[in-house]
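Listed below, chain by chain, are the residues.
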Amino acid sequence: MENKQQTDSVPAEAGSVIHVAPSPHLSDTALTTQRMMMDVLIALAPVVGMALYVFQWYAVHQLVICVASCFAAESLFTTMRGKPITLKDYSAAVTGVILAMSLPGTAPWYVGVIASFVAIGIGKVIFGGIGMNIFNPAMVGRAFVMIAFASALGATGYEDALSKIDAITQATPLTAFKQNGIVAPLADLFWGSTNGSLGETSALACIIGGLYLCIRRTASWEIPAGVILISAVIGEIQCLVNPQAGWTVLHHLCGGALLFGAFFIATDPVTSPLTPKGKFIFGIGVGAFIMLLRLFSGYPEGVMFAVLLMNGVTPLINRWTIPRPLGSAK
Amino acid sequence: MVDMNPLKPLQPMPLSMMQYFRESYIVQGWLVLMLCFFFGGTLSGVQLKLNPIIEENKANETKQRIPELLLGPSEAQQPLDLKLHTIEVEKKGRKVFYNVYEARFADGKLAGWVTKAVGQGYADRIELLLGLDPNAEKITGVFILDQKETPGLGNKIVTEKWRSQFAGKETKQLLTVVKGGVKADHQIDAISGATISSKSVTAIINTAVNDLKGKLRG
Amino acid sequence: MAEQPTASERFIQGILPENPVYRQVLGLCPTLAVTNGMKPAMTMAGAVLFVLVCSNIITSLIRGLLKPHLRIIVFTLTIATFVTIADRFLAAFMYDMSKALGPYIPLIIVNCIIICRCEVCASKQGVFTAASDAVGQSLGYALALSSIAIVREVLGTGMIFGYRVLPEAWPDWSIMILPPGAFLTLGLLMGTVNWFSERK
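In this text, all values refer to a predicted model and were calculated from it rather than measured experimentally.

Trainee: Lay out the overall build of chain C in plain terms, naming residues and giving numbers.
Mentor: The helix and strand inventory of chain C stands at nine helices and two strands. Starting at the N terminus, the α and β elements of chain C follow one another as α-α-α-α-α-α-α-β-β-α-α. By its C-alpha atoms, chain C is 60 × 45 × 25 Å across when sized along the principal axes. Within chain C, contacts between residues separated by at least 24 positions form 75% of all contacts whose residues are at least 6 apart in sequence.

Trainee: An account of the overall build of chain A is needed here, citing residue identities and associated values.
Mentor: Within chain A, the secondary structure is distributed over 16 helices and zero strands. In terms of overall dimensions, chain A is globule-like: its C-alpha atoms have a radius of gyration of 21 Å, near the 20 Å expected for 330 residues. Principal-axis analysis of the C-alpha atoms gives chain A an extent of 75 × 50 × 30 Å. Taken over 330 residues, chain A has a buried fraction of 50%.

Trainee: Can you explain the nonpolar core? Please cite residues and give values.
Mentor: Of all hydrophobic cores here, the largest spans 77 residues; its most connected members are A:Met101, A:Phe144, A:Val145, A:Phe149, A:Phe260 and A:Phe264. For this core, the element with the most residues is helix 2 (residues 33–55) of chain A, which contributes nine residues. Not counting the four nearest positions on each side in its chain, A:Phe260 is found in contact with A:Leu44, A:Val47, A:Ile98, A:Met101, A:Ser102, A:Gly199, A:Glu200, A:Cys206 and A:Ile265. Counting residues in each nonpolar core, the second largest holds 53 residues, with B:Phe39, C:Tyr22, C:Val53 and C:Val74 among its members.

Trainee: Could you give me a rundown of the interface of chain C and chain B, with the residues and numbers involved?
Mentor: At the interface, 23 residues of chain C touch 23 residues of chain B. Note on chain C versus chain B: buried area summed over both sides is about 2,000 Å², and carbon and sulfur give 76% of it. Ranking the residues of chain C by area buried against chain B places C:Leu77, C:Arg88 and C:Tyr95 at the top, with a combined share of 27%. Our count for the chain C to chain B interface comes out at zero salt bridges. Along the contact surface separating chain C from chain B lie three residue pairs in polar contact (both at pLDDT 80 or more). Sorting the residues of the side of chain C that touches chain B by element identifies helix 4 (71–93) and helix 5 (95–101) of chain C as the ones contributing at least two each. Per-element tally for the side of chain C that touches chain B: the top contributor is helix 4 of chain C, with twelve residues. Counted by class, the side of chain C that touches chain B contains 15 nonpolar, five polar and three charged residues.

Trainee: An account of helix 6 (residues 137–148) of chain A is requested, with residue identities and associated values reported.
Mentor: Residues and elements named next belong to chain A. Look at helix 6: 17 Å from first C-alpha to last across twelve residues, which is about the 16 Å you get at 1.5 Å a residue. Extensive coverage of helix 6 is indicated by the burial of eleven of its twelve residues. Of all the positions in helix 6, only Pro137, Ala138, Met139, Val140, Gly141, Arg142, Ala143, Phe144, Val145, Met146 and Ala148 are classed as buried. Among the residues of helix 6, the N-terminal cap falls to Asn136, whose side-chain oxygen and the backbone nitrogen of Ala138 are separated by 3.1 Å.

Trainee: I'd like to hear about the interface of chain C and chain A, residue by residue, with values.
Mentor: Taken together, the nine residues of chain C in the interface contact eight residues of chain A. For the pair chain C and chain A, the two sides together bury roughly 820 Å², of which 86% comes from carbon and sulfur. For chain C, the biggest contributors to the area lost against chain A are C:Pro171, C:Trp173 and C:Ile175; these three give 52% of the whole. Taken together, the links from chain C to chain A amount to zero salt bridges. Where chain C packs against chain A, one counts one residue pair in polar contact (both at pLDDT 80 or more). Looking at the side of chain C that touches chain A, the elements with two or more residues in it are helix 8 (174–177) and helix 9 (179–199) of chain C.

Trainee: Give me the side chain of A:Thr78: which residues, what numbers.
Mentor: Residue and element names in this part refer to chain A. Turning to its location among the elements, Thr78 is positioned in helix 3 (residues 57–80). Among the polar contacts made by the side chain of Thr78, one reaches the main-chain carbonyl oxygen of Glu74 at a distance of 2.5 Å. Polar contacts involving the side chain of Thr78 include one to the main-chain carbonyl oxygen of Ser75, which spans 3.4 Å.

Trainee: Quick one: what's the story with the pattern of salt bridges, residue by residue and with numbers?
Mentor: Residue and element names in this part refer to chain B. A complete count under the given rule lists twelve salt bridges over all chains for this structure. Note that Arg104 is salt-bridged to Glu102, the shortest N-O span being 2.7 Å. Take Arg104: its relative accessible area is 25%, and that puts it in the partly exposed class. The shortest N-O distance in the salt bridge between Glu160 and Arg163 comes to 3.6 Å.

Trainee: Please set out a nonpolar patch on the surface residue by residue, giving values where relevant.
Mentor: A cluster of nonpolar side chains, contributed by A:Ile126, A:Phe127, A:Met132, A:Ile134 and C:Leu188, occupies part of the molecular surface with about 450 Å² of accessible area. With respect to the helices, strands and loops of the structure, A:Met132 is situated in the loop between helix 5 (109–121) and helix 6.

Trainee: Mind laying out the sheet that holds strand 2 (residues 94–104) of chain B, listing which residues take part and the relevant values?
Mentor: All names here are of chain B. Across the sheet, which stays open at both edges, the five strands sit in the order 1-2-3-4-5 with antiparallel pairing between neighbours. One side of each edge strand has no neighbouring strand; the edge strands of this open sheet are strand 1 (81–91) and strand 5 (139–146). Strand-to-strand twist in this sheet, taken as the mean axis angle between neighbours without regard to direction, amounts to 25°. Both strand 3 (residues 110–120) and strand 4 (residues 125–132) contribute to a ladder of eight bridges, which runs antiparallel. Across the sheet, Gln120 pairs through a bridge with Arg125, a residue of strand 4. This element, helix 6 (residues 195–212), spans strand 1, strand 2, strand 3, strand 4 and strand 5 of the sheet and lies at about 50° to strand 4.

Trainee: Help me get a handle on the confidence of the model for chain C, residues and values and all.
Mentor: Predicted confidence across chain C gives a mean pLDDT of 88, with 99% of residues reaching 70 or more. Quick note on the complex model: pTM equals 0.79, ipTM equals 0.83.

Trainee: Talk me through the packing of aromatic side chains; I want residue IDs and the actual numbers.
Mentor: As enumerated under the stated definition, the model contains 15 aromatic pairs over all chains in all. Seen from their ring centres, A:Phe149 and C:Trp173 are 6.3 Å apart, and the 70° between their planes marks the pair as edge-to-face. Of the two residues, A:Phe149 is situated in the loop between helix 6 and helix 7 (150–153) and C:Trp173 in the loop between strand 2 (163–164) and helix 8; the pairing between them involves two chains. The pair formed by A:Phe149 and C:Trp173 is uniform in burial state, with each residue classed as buried. Consider the rings of B:Trp162 and B:Phe166, whose centres lie 5.3 Å apart with planes at 80°: the pair is edge-to-face. With relative accessibility at 6%, the residue B:Trp162 sits in the buried group. Aromatic rings pair up to connect A:Trp109, A:Tyr110, A:Phe144, A:Phe149, C:Trp170 and C:Trp173 into one cluster. Over the ring of C:Trp195 we find C:Arg199, and its NZ or CZ is 4.8 Å from the ring centre.

Trainee: Break down helix 14 (residues 258–265) of chain A for me, with residues and values.
Mentor: With respect to burial, helix 14 of chain A is a largely interior element, eight of its eight residues being buried. Every buried residue belonging to helix 14 of chain A is among A:Leu258, A:Leu259, A:Phe260, A:Gly261, A:Ala262, A:Phe263, A:Phe264 and A:Ile265, and all of these are buried.

Trainee: Let's hear about the environment of C:Gly158: which residues, and what values?
Mentor: All names here are of chain C. Looking at where Gly158 falls in the secondary structure, it is placed in the loop between helix 7 (127–157) and strand 1 (159–160). Relative accessible area serves as the criterion here: at 0%, Gly158 is assigned to the buried category. Separated by 13 residues in the primary sequence, Gly158 and Pro171 have C-alpha atoms spaced 8.1 Å apart. When sequence neighbours within four positions are dropped, the list of residues in contact with Gly158 reads Glu153, Tyr163, Arg164, Val165, Leu166, Trp170 and Asp172.

Rules of the game
Residues numbered from 1 in each chain as written. Chains lettered and ligands numbered in written order. Predicted model: local features only at pLDDT ≥ 70, side-chain atom pairs only at ≥ 80, totals over all residues. Heavy atoms only, no water. Helix = DSSP H or I, 4+ residues; strand = E, 2+ residues; numbered from the N terminus. Contact = heavy atoms within 4.5 Å. Rg over C-alpha atoms; globule rule 2.2 N^0.38 Å. Buried < 20%, exposed > 50% of the residue type's maximum accessible area, 1.4 Å probe, protein only. Core = buried A, V, L, I, M, F, W, Y, C linked by side-chain atoms within 4.5 Å. Buried area = accessible area lost by both parts, 1.4 Å probe. Salt bridge = Lys/Arg side-chain N within 4 Å of Asp/Glu carboxyl O. Polar contact = N/O pair within 3.5 Å; in protein donor to acceptor, adjacent residues only side chain to side chain. Nonpolar A, V, L, I, M, F, W, Y, C, P; charged D, E, K, R; others polar. Expected span 1.5 Å × (residues − 1). Patch = residues over 30% accessible without salt bridge, like charges linked within 9 Å, V, L, I, M, F, W, Y side chains within 5 Å. Areas by Shrake-Rupley, 256 points an atom, 1.4 Å probe, with all protein chains shown as cover. Pairing = 2+ DSSP bridges. Axes fitted to C-alpha atoms, helices over the stretch in contact; angles between N-to-C directions. pLDDT = per-residue confidence, 0-100. Phe/Tyr/Trp six-rings, centres within 6.5 Å; stacked < 30°, edge-to-face > 60°. Lys NZ or Arg CZ within 6 Å of the ring centre and 35° of its normal.

Here you go:
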């Protein structure tokens, strides 16, 4: 916006003069928050579609609750801070959709509402609104409800033996493996017919959406690359150490929220480092924490905590990876 | 001999007795010392007066539970004579001590045994009381004294509903934890979402039963 | 030396304008640790009231005898004595509460609120002023503890003082009675207090 105003203020006769403006030098004026958020929403479409197909009303219910609550929270909190309401940049919608996709379909209504209000209020507005937050808002909201309602979001919260939908009557693949050593078929994990958080089940949908984001450069490819690389390495080591379990590298990658987290959650430009090198380190960190939590903690899945932990060290990574200007002293 | 060097370096003046006295630590700290004596006296008075009550509180914490653990809540009012034994168990070259209460009815008949058992839970140590019948063949009850399990999940081990499963279980077979409904006598239903806490409590009970079985004689 | 505040000024200041938690941001460790319910919070406030009043009075009585380089040791000695007395009394007459509060009663010894009041007020002013200062500060502390505890206990368990105030269907927000809830509640309440006092 500012760039545009400056260009407008240049007198017409100065058209032949090279215009010099202070940074930031936005080469593409179309690159706005709104466009980025629209991109994310488009990329989420296959994930949402798959969730609607597998979980049906559960997904609709959770999506409506989370998106509506995020909009309500955004308007309420920005008004309280005396700022213009920023619903038009769709960031609240993105937070809402990602949050809904990261919750189990069976979670009661208040879980979605509280998670949304915490995500927008404590995760974002309290730090000064969009662009200022340290932690990924959707994950802050999810972490809050995860600890607050341990029984609704713990391993057993995902199951409902009486549900009409097959997927929900089973344990999530990671829980089934962790507790009983049952290995889910790889095809199910890839297409997404297993139980789990709404958006995480289908690896295919996450890859399609993620590739779109990376091609559009809305998400930086370095982050998912780092996550997938290190998870594959640690997964392979785990396989070599314990090959009879039958849980291969591909199970590690396709199962749980790893791909969803790598493409949609970790890539949030506000809470991830700025430089390509930093982004890669960030991705490595997220992947390593995910595998650490999966293999050694009491939780079956660790994407949320991994992303939040790495969000915390993002300023540090930024400081490490300041690019050195050409010709400066070593 | 004449002093050829009248300008002598300055020597510190020797302290007079009075000054020396005033600079000494004892005098500087007289208030602190006085307060120490005064406060020390007060505290020992308080300790003398209150310690018996505190010790009794500590003992009661365990003792009050014993009738309920052995006889069930309906007959918990019945008075029992308690006697504390320390039972030593040799385990892998290491000695383990159990504090076991021997409970007798007023007429001298043995009511049962109550022991304190400790073990690792999901979050921290779990301390519990385990009641056994006179021949140590059946568990009569379990009470959790101290735990720090996850609120909302693991801390349900303290609920009467879950604990009461243990009452009446036989000690000849080890207890196992199952999920989704008990199918056999020696099984304990896990708390949903807190399998580890459930298993920890059961393991503590199994260990204690195994260690003490055969050592409890009326 | 500047004019010292009078007894009534000291009393009023302690409650809100110089609230130990919200204004001076002192004694936060117990504030975070014991506020998961109204009962432990109020017991803690009571213990602090007792210790603060007693040590302020003693310090004020002996203020003429204090030597500057030995004053802190005298304060600590006085505070430690009264904390031990409070701790023993709780263990004797409120055993469950004393177990629930764990190390936080003995830790009043290192609670900066008390040594701060000894230093700022009691070692400079008369017994009556020191006592009213102690009561004022303790009330301020109790106010802060209860405001945090009430939010945490109601949201976390649906109860106040162990009595149910919200319907049974209330889903307990376990996070509120866990440490993160303490930090969030304290932060949000402190923000609210600042927001209101700035608008005045």
